[in-house]
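Below, each chain spelled out in residue letters.
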Amino acid sequence: MSTPGTEHRAEALRPHAEDAFAHELKALAAADDRPRPTRWKLSPWAVATYLLGGTLDDGTVITPKYVGPRRIVEVAVTTLATDRALLLLGVPGTAKTWVSEHLAAAVSGDSTLLVQGTAGTPEEAIRYGWNYARLLAHGPSREALVPSPVMRAMADGMTARVEELTRIPADVQDTLITVLSEKTLPIPELGQEVQAVRGFNLIATANDRDRGVNELSSALRRRFNTVVLPLPATADAEVDIVARRVDQMGRALDLPAVPEGLEEIRRVVTVFRELRDGVTGDGRTKVKSPSGTLSTAEAISVVTGGLALAAHFGDGVLRPSDVAAGILGAVVRDPAADRVVWQEYLEAVVRERDGWKDFYRACREVTA
Amino acid sequence: MNPRSPQTGGPLLLGVRHHGPGSARAVRAALDEARPTAVLIEGPPEGDALLPLAADPQMRPPVALLAHAADDPGRAAFWPLAGFSPEWAAIRWAQARDVPVRFIDLPAAHSLAVKDDQEEQADSVRIDPLAVLAESAGYDDPERWWEDVVEHRDAVREDPLAAFEALGEAMGALREAYGCGGNPRDLVREAYMRQRMRAARREFGDTYAVVCGAWHVPALRAPATAAADKALLTGLPKIKVETTWVPWTHRRLARAGGYGAGITSPGWYAHLFTARDRPVERWLTKVAGLLREEDRQVSSAHVIEAVRLAQTLAAVRGRPVPGLTETLEAVRAVMCDGSDMPLALIQDRLVVGDVLGEVPDAAPVVPLQRDLTRRQRSLRLKAEAQDRELELDLRKDTDAAKSLLLHRLQLLGIDWGTPTASRGSTGTFRETWRLRWEPELSVRVAEAGIWGTTVLGAATARAEALAADAAELGEVTALAERCLLAGLAEALPAVLRALADRAALDTDVARLAKALPALARSLRYGDVRGTDAQALATVAAGLAERICVALPPACAAGLDADGAAELRGHVDAVHGAIALLADADEGLRERWAAVLRTLAGRDTVPGLIRGRAARLLLDDGRLPPEETARLMGLALSPAATPADAAGWIEGFAGGSAGGGTLLVHDERLLGLIDTWLVSVPAGAFVDVLPLLRRTFGAYEPGVKRALGELVRRPPAARQRGAGPGRAPEGFGPELNPVRADAVADVVRMLLAGAAGAAAA
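Residues numbered from 1 in each chain as written. Chains lettered and ligands numbered in written order. Predicted model: local features only at pLDDT ≥ 70, side-chain atom pairs only at ≥ 80, totals over all residues.

Undergrad: An account of the overall build of chain A is requested, with residue identities and associated values reported.
TA: Counting secondary structure elements, chain A contains 16 helices and eleven strands. Within chain A, residue pairs in contact and separated by at least 24 positions form 69% of the contacts whose partners lie at least 6 positions apart. (Helix = DSSP H or I, 4+ residues; strand = E, 2+ residues; numbered from the N terminus. Contact = placed C-beta atoms within 7 Å.)

Undergrad: Requested: an account of the overall build of chain B, with residues and values cited.
TA: From N to C terminus, chain B includes 37 helices and ten strands. Each of the 760 residues in chain B was classed as buried or not, and the buried ones make up 43%. Summarising the internal contacts of chain B: among those between residues at least 6 apart in sequence, 75% fall at separations of at least 24. (Buried ≥ 20, exposed ≤ 12 C-beta atoms within 10 Å, placed from the backbone.)

Undergrad: Summarise the interface of chain A and chain B; cite the residues concerned and give the values.
TA: Listed per partner, the contact involves 19 residues of chain A and 15 residues of chain B. Elements supplying a minimum of two residues to the side of chain A that touches chain B: α3 (44–52), α4 (70–81), α10 (218–221) and β11 (224–228) of chain A. Of all the elements, α4 of chain A adds the most residues to the side of chain A that touches chain B, at seven residues. Class assignment of the residues belonging to the side of chain A that touches chain B gives a composition of eight nonpolar, six polar and five charged. (Nonpolar A, V, L, I, M, F, W, Y, C, P; charged D, E, K, R; others polar.)

Undergrad: Can you break down the environment of S43 of chain A residue by residue, with the values?
TA: Residues and elements named next belong to chain A. Tracing the backbone shows S43 in the loop between α2 (22–31) and α3. Here the alpha-carbon distance between S43 and D32, two residues eleven residues apart in the chain, equals 6.9 Å. In this structure, S43 is in contact with D32, R34, P35 and R36, ignoring residues within four places of it in sequence.

Undergrad: Report on the sheet that holds strand β3 (residues 63–69) of chain B, specifying residues and quantitative values.
TA: Residue and element names in this part refer to chain B. Read across the sheet, three strands follow the order β4-β3-β7 without closing on themselves; strand pairing throughout is antiparallel. Either end of the sheet is taken by a strand with one partner, and the two such strands are β4 (72–81) and β7 (241–247). In this sheet, neighbouring strand axes are inclined to one another by 25° on average, regardless of whether the strands run parallel or antiparallel. In this structure, β3 lies alongside β7, joined through seven bridges in antiparallel fashion. (Pairing = 2+ DSSP bridges. Axes fitted to C-alpha atoms, helices over the stretch in contact; angles between N-to-C directions.)

Undergrad: Which residues make up helix α14 (residues 266–274) of chain B, and what values do they have?
TA: Counted residue by residue, α14 of chain B has seven buried out of nine residues, so it is predominantly covered. Of the surrounding elements, those touching the buried residues of α14 of chain B are α1 (21–34), α13 (250–254), α15 (279–293), α17 (324–334) and α18 (341–353) of chain B.

Undergrad: Describe the packing of α14 of chain B against α18 of chain B, naming the residues involved and giving the relevant values.
TA: Residues and elements named next belong to chain B. Relative orientation of the contacting elements α14 and α18 amounts to 45°, with a least axis distance of 4 Å. The angle between the axes of α14 and α18 places the two elements in the oblique class. Contacts from P266, G267, W268 and A270 in α14 reach L350, V351, V352 and G353 in α18. (Parallel < 35°, antiparallel > 145°, perpendicular 65-115°, else oblique.)

Undergrad: Break down the pairing of strand β10 (residues 430–435) of chain B for me, with residues and values.
TA: Residues and elements named next belong to chain B. Note that strand β8 (residues 388–393) and β10 share six bridges and pair antiparallel. Following the sheet pairing, R388 is matched in β10 by L435. In this structure, strand β9 (residues 417–420) lies alongside β10, joined through four bridges in antiparallel fashion. The residue of β10 that forms the bridge with T420 is T432.

Undergrad: Please give an account of the confidence of the model for chain B that cites residues and values.
TA: All names here are of chain B. Per-residue confidence for chain B gives a mean pLDDT of 79, with 86% of residues at or over 70. Long-range and interchain partners of residues 117–125, a stretch whose pLDDT sits below 50, account for four contacts in this model, where long-range means more than four residues apart. This complex was scored by the predictor with a pTM of 0.66 and an ipTM of 0.78. (pLDDT = per-residue confidence, 0-100.)

In structure tokens, the structure reads:
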């Protein structure tokens, strides 16, 4: 894309998926001999491999982008191949956006055709707007029209992305119905339309935990195949995800590598899982759940924050005291109720546990 | 190599996957092609006599061939057959053409003679040969592999025998690698099968067909001598065996352990076998129909999209046509909004299915009936058509055994006896039953035959199934109670697990509170009957803890009058139950008292419940009189609404016995009520009047009169009489030693008598 600022791409804080993993995409495209749907950069099999990881015949290692059930990725990729739109549902931090970005990067080679859904997203963000200077000077014309990412994706046969679909007001959401069912976007001002060409599809993400969201109308919902992204099934899988992402982010933020962090990561994940599930890992003791979601994404940010503390102010080793404050902040969202929950958990579970003494002390220190 | 083995001129060997619809189709096609003069099937030869029943129009699979030891119905084996089982297809094919059918497996007389535990162990290490082949081909589901590589190959359709040839070769390789697959008994069985095949050759020549597990094909083709086989078969233990057909269900086919066939998706297999064409489209239409019945909006467009997604998904995965996994994933993404909940319904109703088989009336008596008859004889309980009352004293062994039998039969839906209220004694060791044997109960016994071969085994299996199916917590607690009554120790763990699960998920404290008394009662029965109820006590204590946590918020959450009345009933019931439980756990009693204290002292709790909590605490001696008076004063102070205050009075002094007596004896409390009543404004008085009437109207006449007397006196006189240390009206200021001594003997006798009764 020739958007302004592209020249700084190399220094971007967070490069796009198609740039960060360009070598993997290239290797996959070279090795991929299966049939590709029109305008797809890769075959569905190669897209699934790109997300789930693997080793190609030429020895190129594809890193896993999504750690989770294989069937979820397969259903998602297959949906895109059947010209039905894809709706990724899940609680915060289940990698919805991450999956959607990588899907778009692998399918169309471009993950930037993005509409960010907010309560203030206008219809123009999904259809088109006008360059008013031109409109006034020359009257309505295609030149005066500012296409939305969705419109550009339709015209070029690319994958468009809509983030947080349920935050968009209901009437604006419904603009998508024509796009998804008729595959066309009328421009009544010009008596024209933009018809989607083969290869166009749309990935939307939505949060199914949030209250006060705008439920999808059944007409719109019918146009989507829905895939629910689950929380990691096991503690080991979650530790793996956190460790992997922390490592990537640590490198992006130039944090010094911290070698012995795995123990603390496991501890953070254990605390998060136990509080989230309302039961200790051994399944023996019930604990109360706080109001926050305690998603994997929050665990990642707690550990990253702890790493930064350890690197800049500590002795370079991730210690319980570095993550304690972060955990407290993530758990105690409601100052009254959650604090009780957290203290109960500290006293009933953490204090009794072997090898958690330092952690218990560190938590007591920040909680008091 | 042709399966007919032209070089040896041998018989047609059709190796199948048991309960595989693909195998069933292939067997049918192969039989049509080869037209054998006789069909031999892997199964106990004792079943030969029952084979004609398979052609009976009343016979509807799934059914099972049941063989059991004549003198011990508990020792039994089942050979389940579904409509899509290849063995069933072969039987029906032969019967439709008047071709003789024989079972050729090792007789049940031998296999049942072997100890059960050995049998089970052998089964656990046994390998599924098709699963091994499927796994080496990269498949996780053996049936899928079979479908993909056998059924969907055009060559197979043109030459039905080729599939069996290929499979036979593969099995030959497997047998070379694995030998007997960790199951030495297979060698004996195969020797017997070969013997039977030799007999068949003498009778029919080489034009017969054998339908057996694919695993056995290489062994049956092996050139073993008759003498060697005979040597293997001599000296096998033998017992007398009886056989019959019993109806079976898809659910039991799906059960992995016990007598289940371990087929996880019988409904799907049946669909594959019966669908004329377009199995995926028809299946998804069925799913849509089910979802519509459950009021989900599913249109034809949904079905179309699901079919497309399933097909594309199969293509992405490199499979020739969509299978169960692909269709279910398509259903989840397209019809269920990605949710697992409706999928569980589909799994239960369609993938497994509710199909129940039928067996003709001519089938021999089921062993359950035999077991029942035996027990009736040993307990001297005759099955009589007229009503008979039966008094049981559970401390006697025979009576306890009778009670167990009747309770077990009740669990099985065989209502021979119905429990009635005991006359005279209310002790837990007494039971009264009304017995009446209706003719249709025999039918019920036959139906219950699918649960097991003995009354105990069947009742256990049924209780476990009921626990798994129960939707509400109350059902499971009732079931736990019945399990204890029926002495089903083996079913109890499953029931208690279901109970704990339901309780953990249930957020409605009313339901939890309803469940607890039954549990506490069960514990008491457990004591009387000597059953080990430790596990039950743990579950009950857990339930009580949950109630302690959840009750205060539930009571504070804006209840209306009806809700408050309902909860007050629960508070009473839980209080009684906790008194029973607390013997085991003193801490529980303390926690419950703390809950009551919270309830009594919290303003947002309705007056009715606050009053009740205060009263319960007072009765337990946990609330000093001063504190009681303070609470009542608060509840009846002018700031409280009259309706709420009247509710408090009803909760405190109404309902259970003794409320009036309390007021008679504690004049301070009566005074508080009196003062409050006088201060109620005229307008509100009409509103609270029904409440007060309900409270005071229930008192006994004597109490009412005494209260009336007290209230009639002027306040000053009352003031004098109230308070500790001062004698109430009509009593002297000091103890009168002479009169006290006179009653002392009577009191001592009463107390000693009570102690004596308790000791007895």
